[in-house]
Structures are given as C-alpha cells and as structure tokens.
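The lines below spell out each chain.
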Amino acid sequence: MQLECETCGASLRVEADQRTAVCPYCASPSVVERPPSNDRPSPHFVLGFTTTRESAQGAVKAWLGKRSFFVQSSVKTATVDSIRGVYTPAYLYSAMAQTRYTAQIGEDYQETETYTTTDDKGNSVTRTRVVTRTEHRHLEGQHATYVMDVLVVASRAVPNAELEAVEPFDLRTMRRYTPAVLSGWVAEEPTMTQAECYGLARREALEKIGRDLSGFMPGDSHHGLTHETRLDRETLELLYVPLWVLALRHDPSKPPFRVLINGQTGAIHGKAPLSWVKIALAVLLVLALIAAPFVLAAARSRGREPAEQRGAAWRSFPATPAPPAPAAAPTPTEHVRPGGSRPTPTGGTR
C-alpha cells in the first residue's frame, strides 16, 4: 500500500495491515493513499536495522532527559511510544577526482640569534637563544583520488544535514535489495530526483576533497590553498538506510520536533524547541539579581536623606542671639553721718 503525506511530501510504502493515518516524519494526519509510481528508480541495496525498538526508546528517553531547562516542557514529558522504524531512501555516490591545486607551503627551520638584555643587577649582558623561523615557497600540482561512500538523502521529508548528523552507517553490511527485506517495516520511496541528489553528492564530495587535500599538503604549514576538481566516472546507487524516527507536533503552526536515531549505531540527532517564556523569565531574573544591589543602595540612601537634610538646614541658618541680660541694679552707696548714726542709702531721707 502506498501512502503520501500532504505536509512533508513523504511517499510511504507500508504493508496492508500497517495502514497508518499519521506520517512518521512530521506527525501530520494528512496522509492519503496514492497509487505507486512507476517512474521512480528501484533500490539497489539495503542496510538492515541492528538496534531494537526498545533500545531506541531508551536512548531517546535518556536524550530527552539531558535537554536543558530552556526547552519546552512538553519535550521532556513527551512519550516515545510513537517512535517508528523507517527505511529512508538515500543515494551512495562515488567518482574519480582529478584536482589541480596551488598553495604557499611553510618550512620551519631554527637558528641561533644574539640579543642583549639586563640581568638582575641591572647590568647589560649579551646572550643567545634558538628561534624558529618559517620559509614560504609556492607549490602547485595535481592530485588524483577516488571519492567513495558519499551518502546523500533522497527524501524531501528529511534534510540532508539531518542524515549527516547520524552518520556514518556501516556500509559493509549492505545487501542486495529484495522486497522481503522491508517486510513489516515502513519504507519511503525516493521523492528527490537523481539530478537533485547528484548536486548534493557533488557538493559533499568536493568538500571532502578539500579536507583531504589540506592534509595532503607537504611542509609544516600552508596557506592560500586553492583547487579545481574534475569529477569523472560518477555512479549513484539507491539504497535504504534504517532510521528510528520520533516526530512530535508541539505547535500546529510550526514544524514538528523530530528526533532521528541511526538504526545501526544508535546515534541521535534532534533540535528540541526552546521555550521563549522560560528564556524571558531567566533574563528578567538575571537582570533583577544584577539590579538588586543598586536598588538596595538607593533605598538606604533615601532612608538617610531626611536626617541629613535636616542637619544641613539647621546648619544653614545663623544661631539666634541670646536676649540681653537685664541691667544689674546699682549698688547703693552708704554714707556715714557724723556722730555714728545709721547709714542711709544715697538719696534717701529718714
């Protein structure tokens, strides 16, 4: 039975008793039955599953538990019961590569030089030391190599970068394709054209050649490496690779959260969606902790301000002069009359 996902474009081949209404790649319910296409190429090889469903579920649980605090809460509490084993189409590319290159090669050498310095006593002394110098020279030439085992996805539902993230696969276990190998499993037919896959494979092959060529350069160092490569005798062979797929649609308006597990090695790849609410709260908390000392200092300063202002106001006015003391009464002057009579105050009469 052939099913097609109207959301991600996956074309799934399932057994008649495995009718499903949810796409294993994107968890979309928009899956409809389509007649099989006759113009799609037949696969050459198959890589079988070597990890069980239980092992994949345990690996995903452990992986989800290690996600950071900032992922959406629904991710850590997600159930892994919906994990599905899918044979995903991919192309195996190989080619002969002829490369012309130019570069500047650095050769290190050592020599002894004399220099003047000051010792602990402040005296000028002459000493020698060994220094490493680099001599550069121009190099150009040709490099021939056979590029093999370049694997690119042939499914529109799985970006090539996601497949690269769970590589490598053990290509030594490849066997010839027969329909019996896929019995009981979900398998997707290739939904990308061979021309598109050739473009992906050539780009990946050229990147690989550039990395290998950098390690091929002689000398102790190099810079300015440029190269041009011609690819000949290209081959592109279709095979099925085993993937455990867990797709969770956490938001109807956004792409699903998807985890891919290599069905041979157990390598996991996924990008858990972040919770912007948690991130915003964490930022506000950090800002509050940073601002707290300044706020407390300002509060203390405001608490001391009235008393200081009162003291300043008191000092700003001159002291009120004391009222003048009342004049002392004049001391009466005594006069003694002749004959020893009692004195009387001056001016008084008796």
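Residues numbered from 1 in each chain as written. Predicted model: local features only at pLDDT ≥ 70, side-chain atom pairs only at ≥ 80, totals over all residues. Heavy atoms only, no water.

A.B. asks: Please clarify how the overall build of the protein should be interpreted in this entry.
C.D. replies: Secondary structure summary: the protein contains 5 helices and 13 strands in total. Counting every position in the protein, which comprises 350 residues, the buried fraction comes to 33%. In the protein, 74% of the contacts between residues at least 6 apart in sequence involve partners at least 24 apart. In the form shown here, the protein has an accessible surface area of approximately 21,800 Å², with 55% of it arising from carbon and sulfur atoms. (Helix = DSSP H or I, 4+ residues; strand = E, 2+ residues; numbered from the N terminus. Buried < 20%, exposed > 50% of the residue type's maximum accessible area, 1.4 Å probe, protein only. Contact = heavy atoms within 4.5 Å. Areas by Shrake-Rupley, 256 points an atom, 1.4 Å probe, with all protein chains shown as cover.)

A.B. asks: Please explain the packing of aromatic side chains as it appears in this structure.
C.D. replies: To describe a pair of aromatic rings, you give the distance between the ring centres and the angle between the ring planes. Applying the stated criterion across every chain, the model contains 9 aromatic pairs. A centroid spacing of 4.2 Å and a plane angle of 5° characterise the contact between Phe49 and Trp185, whose relative ring orientation is stacked. With Phe49 in the loop between strand E4 (45–46) and helix H1 (53–65) and Trp185 in the loop between strand E7 (175–176) and strand E8 (186–189), this pair connects stretches of sequence that are 136 residues apart. Phe49 sits in the buried class, given a relative accessible area of 17%. Using a relative accessible area of 25% as the deciding quantity, one classes Trp185 as partly exposed. (Phe/Tyr/Trp six-rings, centres within 6.5 Å; stacked < 30°, edge-to-face > 60°.)

A.B. asks: Could you clarify how one ought to interpret the pairing of strand E5 (residues 84–118) in this entry?
C.D. replies: Across a regular strand the side chains alternate sides, sitting on one face of the sheet and then on the other. Summarising the sheet, E5 and strand E9 (residues 221–248) pair through 21 bridges and their orientation is antiparallel. Note on E9: the bridge partner recorded for Ser94 is Thr235. Here E5 pairs with E8 via 2 bridges, running parallel. Within the sheet, the bridge partner assigned to Val86 lies in E8 and is Val186. Sheet topology places E5 next to strand E6 (residues 124–153); 28 bridges connect them, and they run antiparallel. Directly across from Met96, in E6, lies its bridge partner Tyr146. (Pairing = 2+ DSSP bridges.)

A.B. asks: Looking at this structure, I do not really get H1. What am I missing?
C.D. replies: Since the α-helix packs 3.6 residues into each turn, any two residues three or four apart lie on the same face. Over its 13 residues, H1 runs 18 Å from end to end, which matches the ideal 18 Å to within 8%, given 1.5 Å per residue. Within the sequence span of H1, burial applies to Ala56, Gln57, Val60, Trp63 and Leu64. Across the axial projection of H1, the buried residues extend over an arc of 125°, all falling on one side. Exposed residues pointing more than 90 degrees away from the buried face of H1 are listed as Glu54, Lys61 and Gly65. (Expected span 1.5 Å × (residues − 1). Arc of directions from axis to C-beta.)

A.B. asks: Quick question: what am I supposed to make of the pairing of strand E1 (residues 2–5) here?
C.D. replies: Relative to strand E2 (residues 11–13), E1 runs antiparallel, the two being bridged by 3 bridges. In the strand pairing of E2, Glu4 is matched with Ser11. Between E1 and E2, which pair antiparallel in sequence order, lie 5 residues; one of them, Gly9, sits at a positive phi of approximately 85°.

A.B. asks: When you look at the side chain of Gln57 in this model, what are you seeing that I'm missing?
C.D. replies: With respect to the secondary-structure elements, Gln57 resides in helix H1. Overall, Gln57 belongs to the buried group, its relative accessible area being 15%.

A.B. asks: Whenever I open this one, the nonpolar core confuses me. Can you help?
C.D. replies: One recurring pattern in soluble globular proteins is that nonpolar side chains are buried together. Membership of the largest hydrophobic core comes to 46 residues, with the highest contact counts inside it found for Tyr25 and Leu163. Elements that contribute at least two residues to this core include exactly E1, E5, E6, helix H4 (194–216) and E9. Apart from residues no more than four positions distant in its own chain, Leu163 is found in contact with Ala90, Leu151, Val152, Val153, Val158, Phe169, Val241 and Leu243. Grouped together as the second largest cluster of nonpolar side chains are 20 residues, Val46, Val60, Leu64 and Ile83 included. (Core = buried A, V, L, I, M, F, W, Y, C linked by side-chain atoms within 4.5 Å.)

A.B. asks: Sorry if this is basic, but what is going on with a nonpolar patch on the surface here?
C.D. replies: On the surface, a cluster of nonpolar side chains totalling about 610 Å² of accessible area is made up of Val283, Leu284, Val286, Leu287, Ile290 and Phe294. Mapped onto the elements, Ile290 comes out in helix H5 (residues 276–316). (Patch = residues over 30% accessible without salt bridge, like charges linked within 9 Å, V, L, I, M, F, W, Y side chains within 5 Å. Salt bridge = Lys/Arg side-chain N within 4 Å of Asp/Glu carboxyl O.)

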